[in-house]
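Take a look at the letters that make up each chain.
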Amino acid sequence: MLKYLVETYGCQMNYSDTERMEAYLDALGFIPTKDFEDADFIMFNTCSIRQKAEDRVYGQMKKMGQLKKQNPNLIVVVTGCMVRKSSSRYSVDRDKLFVSMPSLDIALNTDELPQLAKLTREINPNLKIHEIEEESLEDYFYITPTHTSHQSKAQAFVAISNGCDKYCTYCIVPYSRGREKSRSIESILKEAEGLVENGCKEMTIIGQTVNSYGLSQHDEEHKTFEYLGDKKPFVHLLEELDKLKEKGLKRVRFTSPHPKDMSDQLIDAMARLETQMPYLHLPVQSGDDRTLKRMNRTYDTKSYKEILKKLRKKIPDISISTDIIVGFCGETEEEFNNTYSFFKELAFEHGYLAQYSERQGTTAAKFIRDDIPKSVKSERWHKLNELLKENSRNALKRFKGKTVNVLVESQEAKVCHGRSEHFKTVQFNSGRKLIGEIVPVKITDSKQWLLEGELV
Ligand code: SAH
Ligand code: SF4
Ligand code: F3S
């Protein structure tokens, strides 16, 4: 039996894709292993968002040469956002990764997963792999994922779209994942129902710009969602998922929404639906209008503020987190200071801060100079990170003395970790096995990033 290992980098979307890749490899008759030395088939599901993410994969590829000396039959696959063209080392028209990765056997575009069997046969025609109806698979969403990203069946990712049409000037995603395409409501609900029947309590629905579900150019051309009239397809989906509470679903989260598609309808639905949680991760990227323009983010600070105002009015206690890029091309001291003040004013409770990393092929790389020195990017990052720590610490204080419901994600010895309704990490002790349970915890103390409490 051939043994496989998939190593995943990047965002939740990649982790979700890995679950489909595992299901596909299981269907071919492979069995999973966690040990590189033991594997006959190693797949790297890669991320391209920053140079650092790619460098980690190049580091791993160096080790593959060594492993191939021990096991000459080892097949090495690179998939995910670094790949542009599905091809094998024998293809005439190969992905350019083959030049920089001498140990590479197969490069696979994520959404062409059903081609993996064919490419594997090109590498080794003698391999005994099961026949599956790969040609009949229209796209990779039809493969039911293994749902192994979480420790328990109580949590699951469900991908609802792939690709992005927004073309932010700094971002590689529209090039790596292609045009935005939405999965059908029926297919999503079928997967979701199956998960809930199997014990899922918290579902995180994911897409590059998850709240533009059903609104992409591809979706409009195919008129798939026309029957909904004025109702936004994403809102319709949230309503349909909310009905699964009757079968045991408690929480529906989504990531990452784009500010442009934060409609009033969606804000209403978040306030109204029982399975919606008082938390939103809404990437802003910059708190300066000129920078936002250069980034092609299609909103300004005023309209972003307006969204938060509406959200906070309808869901008074909502926690908001965000993403920021510092040191984008041409970012002046004044522009950065605007971002800093904006972060403070809007009281973001958490955030992912990134230093701008130029990506080949993007509009920024072609037309705007990456002119902020590394040392300045780093300085700005640290300055904002100090503020982030302060914001997080302040935001957590309000939970002291309150009882929150925690979905337990991990438990080592007696120490349990999980997330509250507001997506805050909560730590408490229990002698009972609690992974996958939602339990009430009284908060006794608040730290910089987490809450401590006692089981009620
Ligand atoms: N679709 C989401 C973001 C997906 S990428 C959105 O529109 O917000 C995840 C995060 O990576 C982004 O929010 C951004 O902060 C960061 N990022 C993307 N491209 C980057 C680049 N070239 N350099 C540094 N950070 C980047
Ligand atoms: Fe990238 Fe912008 Fe699309 Fe987000 S919305 S994936 S940042 S292009
Ligand atoms: Fe990375 Fe691709 Fe996600 S570039 S962040 S893995 S969409």
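No experiment lies behind these values; they were computed from the predicted model shown.

Chemist: How do you make sense of the pairing of strand S13 (residues 319-326) when you look at a structure like this?
Modeler: Successive side chains on a regular strand alternate, one facing one side of the sheet and the next facing the other. Of all eight residues in S13, eight are buried, a share of seventy percent or more. Burial along S13 is two-sided: the residues Ser319, Ser321, Asp323 and Ile325 and Ile320, Thr322, Ile324 and Val326 are all buried. Pairing analysis gives six bridges linking S13 to strand S14 (residues 350-355), with the strands arranged parallel. Counted as the bridge partner of isoleucine 324 is leucine 353 from S14. Remark: the S13/helix H12 (residues 333-345)/S14 crossover connection has right-handed handedness.

Chemist: Explain the packing of aromatic side chains here, please?
Modeler: Aromatic ring pairs are defined here through the distance separating the ring centres and the angle between the ring planes. Enumeration according to the criterion identifies 15 aromatic pairs in this entry. Taken together, a centroid distance of 4.9 Å and an interplanar angle of 20° make the contact between tyrosine 140 and phenylalanine 141 stacked. Residue phenylalanine 141 is classed as buried on the basis of its relative accessible area, which comes to 9%. Between phenylalanine 343 and phenylalanine 348, the ring centres sit 5.2 Å apart and the planes meet at 55°, which makes this aromatic pair tilted. For the pair phenylalanine 343 and phenylalanine 348, one class covers both residues: buried. Three or more aromatic residues link up through ring pairs in this structure, and these residues are Tyr299, Tyr304, Phe342, Phe343 and Phe348. Taking the ring centre of tyrosine 340 as reference, the NZ or CZ of lysine 383 above it sits at 5.0 Å. Here arginine 419 stacks its cationic end above the ring of phenylalanine 423, 3.9 Å away from the centre of that ring.

Chemist: Quick question: what am I supposed to make of the domain arrangement of the chain here?
Modeler: Reports of interface size often rely on the accessible area that becomes lost once the parts have come together. In terms of domains, the chain is made up of domain 1 (3-136), domain 2 (144-397) and domain 3 (403-455). Averaged C-alpha coordinates put domain 1 and domain 2 at centres separated by 29 Å. Every contact between the two is made by 23 residues of domain 1 and, on the other side, 26 residues of domain 2. Contact between domain 1 and domain 2 buries roughly 1900 Å² in total, counting both sides, with carbon and sulfur atoms accounting for 51%.

Chemist: I'm lost on unusual backbone geometry in this one. Help?
Modeler: Note: most residues except glycine have negative phi, and most peptide bonds are trans. That bond from threonine 255 to serine 256 is cis: its omega, -15°, falls within 30 degrees of zero. Tracing the chain through its elements places serine 256 in the loop between strand S11 (251-255) and helix H9 (264-272). Unusually for a residue other than glycine, alanine 347 sits at a positive phi of about 50°. Within the fold, alanine 347 resides in the loop between H12 and S14. Note on alanine 347: relative accessible area 36%, which makes it partly exposed. One non-glycine residue, phenylalanine 423, lies in the positive phi region at around 70°. Following the sequence through the fold, phenylalanine 423 ends up in the loop between strand S16 (415-419) and strand S17 (425-429). Of the residues examined, phenylalanine 423 reaches a relative accessible area of 26% and is grouped as partly exposed.

Chemist: Whenever I open this one, the pairing of strand S1 (residues 3-8) confuses me. Can you help?
Modeler: Bridge count for S1 against strand S2 (residues 31-32) is two bridges, and the pairing is parallel. Counted as the bridge partner of lysine 3 is isoleucine 31 from S2. You can see the chain leave S1, run along helix H1 (residues 12-28) and come back into S2, and the turn it takes is right-handed. Bridge analysis of S1 against strand S3 (residues 41-46) gives five bridges, and the strand direction is parallel. Across the sheet, residue glutamate 7 finds its bridge partner in S3, namely phenylalanine 44.

Chemist: Which parts of the structure should I look at to understand the side chain of threonine 8?
Modeler: Examined against the element boundaries, threonine 8 turns out to sit in strand S1. Overall, the relative accessible area of 14% leaves threonine 8 in the buried class. With residues up to four places along the chain from it excluded, the contact list for threonine 8 reads Asn14, Tyr15, Thr18 and Asn45.

Chemist: Before we go on, may I ask you to explain H12 in this structure?
Modeler: Given 3.6 residues per helical turn, the α-helix brings residues three or four places apart onto the same face. Between its first and last C-alpha, H12 extends 18 Å over 13 residues, near the 18 Å set by a 1.5 Å rise per residue. Where H12 is concerned, the buried positions are Glu335, Phe336, Thr339, Phe342 and Phe343. End-on, the buried residues of H12 take up no more than an arc of 120°, which puts them together on one face. Buried positions along H12 lie against helix H10 (289-295), helix H11 (301-314), S13, S14 and helix H14 (374-397). Once H12 ends, the next one or two residues include alanine 347, with phi positive near 50°.

Chemist: What exactly am I supposed to notice about the site of ligand 1 here?
Modeler: Inspection of the region around ligand 1 gives 14 residues, with Gln208, Pro283, Gln285, Asp323 and Ser357 positioned closest. Between aspartate 323 and ligand 1, the recorded distance is 2.6 Å, taken from a side-chain N or O atom to an oxygen atom. Take serine 357: an N or O atom from its main chain is 2.8 Å from a nitrogen atom of ligand 1. Summarising the interface, the protein chains cover 87% of the accessible area of ligand 1, which totals 540 Å² for the free molecule.

Conventions and cut-offs
Numbering of residues starts from 1 in each chain and follows the order in which that chain's sequence is written. By the order in which they are written, chains take letters starting at A while ligands take numbers starting at 1. Given that the model is predicted, a residue must reach a pLDDT of at least 70 before its local features are reported, and side-chain atom pairs must reach 80 or more before they are shown or counted; all residues, however, enter totals for whole chains, interfaces and linings. Working from all heavy atoms in the structure, the side-chain values ignore hydrogens and water. Relative accessibility thresholds used throughout: buried, under 20% of the residue-type maximum; exposed, over 50%; partly exposed, between the two (1.4 Å probe, protein chains only). Numbering of helices and strands runs from the N terminus, with a helix taken as a DSSP run of H or I at least four residues long and a strand as a DSSP run of E at least two residues long. Whether two strands pair comes down to DSSP finding at least two bridges between them. Orient the strands so they point away from the viewer; a crossover is then right-handed if the path from the first strand over the helix to the second runs clockwise. For Phe, Tyr and Trp, where Trp contributes only its six-membered ring, two rings pair if their centres lie within 6.5 Å, and the inter-plane angle classes them as stacked under 30 degrees, edge-to-face over 60, or tilted in between. In this scheme, the term charge over a ring applies when either NZ of a lysine or CZ of an arginine sits within 6 Å of the ring centre and within 35 degrees of the ring normal. Each domain's extent is set by a domain assignment, obtained either automatically or from a database. Two residues qualify as a contact provided that any one of their heavy atoms is within 4.5 Å of a heavy atom in the partner residue. We define buried area as the total accessible area lost by two parts upon association, computed with a 1.4 Å probe and summed across both. Helices are assigned an expected span. That span is 1.5 Å times one less than the residue count. Starting at the helix axis, one direction is taken to each C-beta atom, and the arc is that of these directions. We call a residue near a molecule or strand whenever a single non-hydrogen atom of that residue lies within 4 Å of it. Polar contact criterion, stated in full: a pair of N or O atoms within 3.5 Å, where within protein one must be able to donate a hydrogen and the other to accept it, and residues adjacent in sequence count only if both atoms are side-chain atoms. All accessible-area figures derive from a Shrake-Rupley calculation using a 1.4 Å probe, and residue coverage is judged against the displayed protein chains alone.

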